[in-house]
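Each chain is listed here by its residues.
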Amino acid sequence: MSETTSPNASDTTPVVGSARVKRGMAEMLKGGVIMDVVTPEQAKIAEDAGAVAVMALERVPADIRAQGGVSRMSDPDMIDGIIDAVSIPVMAKARIGHFVEAQILQALGVDYVDESEVLTPADYANHIDKWAFTVPFVCGATNLGEALRRITEGAAMIRSKGEAGTGDVSNATTHMRKIRQEIRRLQTLPTDELYVAAKELQAPYELVKEVAEAGKLPVVLFTAGGIATPADAAMMMQLGAEGVFVGSGIFKSGNPAQRAAAIVKATTFHDDPDVLAKVSRGLGEAMVGINVDDIPVPHRLADRGW
Amino acid sequence: MTAPVIGVLALQGDVREHLAALTAVGAQARPVRRPAELDAVDGLVIPGGESTTISKLVDIFELREPIDKRIAAGLPVYGSCAGMIMLAAEVLDGRPDQRGFDGIAMTVRRNAFGRQVDSFEAPVEITGIDGGPLHAVFIRAPWVERVGAGVEVLGTVLDAPTAPPAASGRRHDAPAPVGTRIVAVRQGNLLATSFHPELTGDLRLHRYFVRLVGAVS
């Protein structure tokens, strides 16, 4: 609501790809669950369960982790198949810095591009110039500075990073707490100290000031990485996430349809333990999971991106 | 007159923006997720969001019957985008199990303007709202294909705004341009728009709705 009428308000020409349209799309996903899917069948299960969108990718993070190798954008045929299978928005992942993968995804008509650390980065210095696209982007962040740098590059949505493909929620909580804590800190600073804060965050002063005044990012903040149960999703919501990405947690579990539906309900009633107790029952096996501590540091995905 | 209490259906979607807009125009705004919370409101807003998700959650959390009953008893309801779909008697291009409330006698086509790359902003004149056109934000927006008796068309927009060819992709699912499309309607106490006034800071539509609620309650 902080926005005022845009300068083109009196213009009669319709505008596509504006920041408001891109960020607005993410606002509509709030309170919802976005699910990783690798086949049209999984996409249908996700839609049936009440997902607000699906993320089309070739391998879920748990398999990327297990199989290794370079991980890239999915085959367009596979993305087309998923777009045709469901009526809800379809997102897809491009490698960090791989602007041509993003161009291809835009041409395919995906609704959001995830410039994702789960894939192997294509550029270790630069992220994609996301302003150059009509399709909106979501990017991961482990802290406020990283989130603001992505927004400066044009990201229209941020997800706090977790350690994808582990079923271990600890990194997601760390990063969500970190981002929220740094925002609260900005709110306490006098104006002159905000200049220094901007320098420390390596982010533009205007954006830092906007966050300090609003007490929130100028774009929607979701959570991702290691979420495997309804309780995980609800905890992340209580910690300040505005919605949830679930990757391996659903289709690596014993009963994906039931677990997916339970996570959707838990996200809506994240603050009601009675509902959470009810939806957590009888879900079968959760994904087996890996402790983040057991993963050698060079293999940790959340450390990709800067 | 005390400020009317207006609920925002808070199962999923851009609830916060509607609460803020309603508060800004003097209503007592509160989220509604349970039947008991519905009982306490004089009016209801169904926000933007994913209509298939909202429809499912309405059934799971047993809000369908109570909301239908309140609508039948004259409860003023405003729906934006997904909310418009939830208020439509008939939905095209929805899921087979998707159901709206017993709302406005209209047929709504879901995602009619296309995918996200086709989402757009454009000015829209609204009957009954002074001060020039609203700056309307359309996001994977529906349009109203037909209206039945008793439905007043409040606003239209030119169909299929031209997106740059590079951006529009091959999936321009919307039919060829045929002039104007209906994007704002009212039937009695029920109001619906394809677009999102809650995203723009222009409070006129929310003021219009709050006045409608005030007149009824």
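Residues numbered from 1 in each chain as written. Chains lettered and ligands numbered in written order. Predicted model: local features only at pLDDT ≥ 70, side-chain atom pairs only at ≥ 80, totals over all residues. Heavy atoms only, no water.

1. Digging into the side chain of Arg33(B)
Then step 1. You can see Arg33(B) is positioned in the loop between strand 2 (28-32) and helix 2 (35-39).
Then step 2. Of note is the side chain of Arg33(B), whose polar atom sits 3.0 Å from the side chain of Asp271(A).
Then step 3. Each residue touching Arg33(B), except ones within four places of it in the same chain, is listed here: Thr268(A), Phe269(A), Asp271(A), Ala10(B), Leu11(B) and Leu63(B). (Helix = DSSP H or I, 4+ residues; strand = E, 2+ residues; numbered from the N terminus. Polar contact = N/O pair within 3.5 Å; in protein donor to acceptor, adjacent residues only side chain to side chain. Contact = heavy atoms within 4.5 Å.)

2. A look at helix 7 (residues 170-188) of chain A
Then step 1. Helix length check: helix 7 of chain A (19 residues) gives 27 Å between terminal C-alpha atoms against 27 Å at 1.5 Å per residue, within 8%.
Then step 2. Those residues of helix 7 of chain A lying buried are Asn171(A), Ala172(A), Thr173(A), His175(A), Met176(A), Ile179(A), Glu182(A), Ile183(A) and Leu186(A). (Expected span 1.5 Å × (residues − 1). Buried < 20%, exposed > 50% of the residue type's maximum accessible area, 1.4 Å probe, protein only.)

3. Re the UniProt feature "active site" (unreviewed entry) in chain B
Then step 1. UniProt feature "active site" (unreviewed entry): in the numbering of this structure it lies at Cys81(B), His196(B) and Glu198(B). With the annotated positions falling across 118 residues, the maximum pairwise C-alpha distance of 10.9 Å places them together in a single cluster.
Then step 2. By secondary structure assignment, the location of Cys81(B) is in the loop between strand 4 (77-80) and helix 5 (82-86).
Then step 3. On the accessibility criterion, Cys81(B) (5% relative accessible area) is buried.
Then step 4. The residues touching Cys81(B), leaving out its near neighbours within four places in the chain, are Gly48(B), Ile139(B), Ala141(B), Pro142(B), Thr193(B), Ser194(B), Phe195(B) and His196(B).
Then step 5. With respect to the helices and strands, the residue His196(B) is situated in the loop between strand 12 (190-193) and helix 7 (204-216).
Then step 6. Apart from residues lying up to four places away in sequence, His196(B) is in contact with Met28(A), Asp14(B), Gly48(B), Ser80(B), Cys81(B), Val137(B) and Ile139(B).
Then step 7. Looking at His196(B), its side chain comes within polar contact range of the side chain of Glu198(B), at 2.7 Å. (UniProt positions renumbered as here; feature names shortened; annotations may be inferred.)

4. Quick word on the nonpolar core
Then step 1. If you look at the biggest cluster of nonpolar residues, it comprises 113 residues, and the most contacted ones within it are Leu148(A), Leu186(A) and Met106(B).
Then step 2. With six residues, the top contributor of residues to this core is helix 12 (residues 256-268) of chain A.
Then step 3. Within the second largest apolar cluster, 37 residues are counted, among which are Ala184(B), Leu191(B), Leu212(B) and Val213(B). (Core = buried A, V, L, I, M, F, W, Y, C linked by side-chain atoms within 4.5 Å.)

5. A short note on the UniProt feature "binding site: L-glutamine" (unreviewed entry) in chain B
Then step 1. Cross-referencing UniProt, the feature "binding site: L-glutamine" (unreviewed entry) maps to Gly49(B), Glu50(B), Ser51(B), Arg110(B), Ile139(B) and Arg140(B) in the present numbering. A maximum C-alpha distance of 12.7 Å places the annotated residues, which cover 92 residues in sequence, within one compact spot.
Then step 2. Here Arg110(B) shows up in the loop between strand 6 (104-109) and strand 7 (120-124).
Then step 3. Relative accessible area serves as the criterion here: at 3%, Arg110(B) is assigned to the buried category.
Then step 4. Discounting residues that sit within four places of it in the chain, Arg140(B) has contacts with Met25(A), Ser87(A), Ile88(A), Pro89(A), Asp111(A), Asn111(B), Gly114(B), Arg115(B), Gln116(B) and Ser119(B).
Then step 5. At 2.8 Å, the side chain of Arg140(B) and the side chain of Asp111(A) are in polar contact.

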